[in-house]
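What follows is each chain in one-letter form.
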Amino acid sequence: MLISLTVGKVDAGVAVLLTQDKRLIEFPSILLPPNISSGSIVDITVARNFSSEQKSEASFNALQDAIYSSFGETEPAVPVLRCRNATQTSVVLEWDPIEHATADVLALSLFRNGQKAGNIPRPTVMQSTKISGLAVDTEYTFYLVLRTSAGIFSSEKLVVRTHKMTDLSGITVTAGYLPAPLKESLERAVERIGAKIADSVRIDTTHFITTEGRGIAWEKAVEMNIPVVRPEWIEGCASAGRIVGVRQYYLDADPKLRTIVSNPIPLKPQPEQPKEAPLPSPPATNGNGHASQQPVPPTPPAKDAQPEESSEEEDEEEDAKSAIQEEQKVRVEDREQHKVALRPTKPVSESEDKEGESDGESGSMTPGGASFQNVEL
């Protein structure tokens, strides 16, 4: 395709070209023929280069494949968390090597019960950690969170329960300098309580057993803050059936304090003796030595003496009846002493009749006009 353009203005870098329909086109002056000035007419041929397009497209696709094969085929893997050992107050966790592909590792964090416990130092090198200060016989949940330049990846949750005081399976000991017979007895005692023996001092070593503080293993145990105790500590745990304190079994501890704890034997309950009824108190006396006239309250009868209560009630009823009869006799005697004499007959007036009616309501009239009182017996 041939196009004729008129040069309108030529500058150092850009030339202004005019089309036949008076449109302006900025064109690099370096591509124009030399000695071009305003008013010159130039012919430009425009054509599409298919071969060059194919070569450029092939080169671009090859570059994309190289980038994908280097950075897109693999991605960071999810961490895999495991429990290596658990004791009464500590847990040892371990995981597989971190696979971060071509991404950069930013941080590896450990979470406990949903809260961040801390970051793992040197995450591409470290593969285990120990968490101490836990509660006895308590359940905990752990998981790892890996942060990389390619994204965030979390491990599955791991549920771990610390041991009871009577569970000795979490004890892992490392033997130091020990005589041959003492070392053999230590192995038998460890096997008897269900504990483990490690050949070297590791992160899951709970106690270092020795009789002398020397050697490379002893130095490493001291550096890792592992308790260094004597072999009698294992015997103390076996005798007590539970984990015991280590303070009395240090190398410099007093041997008198290393007592073997035995399980207490429950005592048989003794039969209860029947309680005796209290004796009645003696009557109170006054200053002259005579018994006081104040009535003494009777002692309450025992719960089992039901027949005595019934007999006492019958006696009280008989005493009450006899007292009523005596009182009636006394009233009869008094009335006999105050007998009313018979009076002679007189003419009765109206006032006397009224008085006789009022006074002698209970009396009776005799045929001679006399009256007498009825005495009720």
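Residues numbered from 1 in each chain as written. Predicted model: local features only at pLDDT ≥ 70, side-chain atom pairs only at ≥ 80, totals over all residues. Heavy atoms only, no water.

The next subject is the sheet that holds strand β15 (residues 207-209). Reading across from one edge, β14-β13-β15-β16 is the order of the four strands in this open sheet, with parallel pairing throughout. Edge positions in the open sheet fall to β14 (196-198) and β16 (228-229), since each of these has one partner strand only. (Pairing = 2+ DSSP bridges. Helix = DSSP H or I, 4+ residues; strand = E, 2+ residues; numbered from the N terminus.)

Moving on, we come to the environment of S155. Relative to the assigned elements, S155 resides in the loop between β11 (151-154) and β12 (158-161). Under the relative-accessibility criterion, S155 is labelled buried at 8%. When the C-alpha atoms of S155 and W95 are compared, they prove to be 9.9 Å apart, with 60 residues separating the residues in sequence. Filtering out sequence-adjacent residues up to four positions away, S155 remains in contact with V78, P79, L81, Y143 and L144. (Buried < 20%, exposed > 50% of the residue type's maximum accessible area, 1.4 Å probe, protein only. Contact = heavy atoms within 4.5 Å.)

With that out of the way, let us pick up unusual backbone geometry. Here the phi dihedral of R122 falls at roughly 50°; this positive angle occurs in a residue that is not glycine. For R122, the location among the structural elements is in the loop between β8 (115-119) and β9 (128-131). A residue is classified by how much of its surface remains accessible, and R122, at 54% relative accessible area, is exposed. The residue N225 is not glycine, and still its phi comes out positive at about 60°. Counting through the fold element by element, N225 comes out in the loop between α3 (216-223) and β16.

Another aspect to go through is the nonpolar core. Looking at soluble globular proteins, one finds that nonpolar side chains tend to be buried together. Judged by nonpolar contacts, the single largest core of 19 residues is most densely connected at I171, I209, W233 and I234. Residue assignment for this core shows that the elements contributing at least two residues are α2 (180-193) and α4 (232-240). The contacts of I171, once residues within four sequence positions are left out, are A195, K196, T206, H207, W233 and I243. One finds I98, L108, L146 and F153 within the second-largest nonpolar core, a separate group that totals 18 residues. (Core = buried A, V, L, I, M, F, W, Y, C linked by side-chain atoms within 4.5 Å.)

As a further point, take the side chain of T162. The residue T162 is located in the loop between β12 and β13 (172-175) in this model. Of the residues examined, T162 reaches a relative accessible area of 3% and is grouped as buried. Discounting chain neighbours no more than four positions away, the residues touching T162 are T87, Q88, V91, L134, A135, V136, D137, T138 and Y140.

Turning our attention to the environment of S70. Position of S70 relative to the elements: it lies in helix α1 (residues 50-71). Residue classification places S70 among the partly exposed positions, given a relative accessible area of 38%. Taking C-alpha positions, S70 is 7.8 Å from T102, a pair spaced 32 residues apart along the chain.

One open sheet holds the four strands; their spatial order is β3-β2-β1-β4, and the pairing between them is antiparallel. The strands lining the two open edges of the sheet, one partner per strand, are β3 (24-28) and β4 (41-45). Between one strand axis and the next, the sheet turns by 45° as a mean value, whatever way the strands run. Pairing of strand β1 (residues 2-10) with strand β2 (residues 14-18), which is carried by four bridges, proceeds in the antiparallel orientation. (Axes fitted to C-alpha atoms, helices over the stretch in contact; angles between N-to-C directions.)

Relative to each other, α2 and α4 sit at 30°, their axes nearing to 10 Å. At the point where α2 passes α4, the crossing takes the left-handed sense. On α4, the residues touching L186, A189, V190, R192 and I193 of α2 are I234, E235 and A238. Across the contact of α2 with α4, the residue classes tally to six nonpolar, no polar and two charged. (Left-handed = near helix turned anticlockwise from the far one by under 90°. Nonpolar A, V, L, I, M, F, W, Y, C, P; charged D, E, K, R; others polar.)

Should the charged atoms of two oppositely charged side chains come close, the side chains can pair. This model, assessed by the stated rule, comprises eleven salt bridges. One salt bridge connects D137 with R161, and the closest N-O pair in it is separated by 3.0 Å. Taken as a pair, D137 in the loop between β9 and β10 (139-148) and R161 in strand β12 lie far apart in primary sequence, 24 residues in all. Classification of D137 by relative accessible area gives partly exposed; the value is 30%. Accessibility expressed as a relative area gives 43% for R161, which makes it partly exposed. In this structure, the salt-bridge partner of D204 is R202, at a minimum N-O distance of 3.1 Å. On the accessibility criterion, R202 (33% relative accessible area) is partly exposed. (Salt bridge = Lys/Arg side-chain N within 4 Å of Asp/Glu carboxyl O.)

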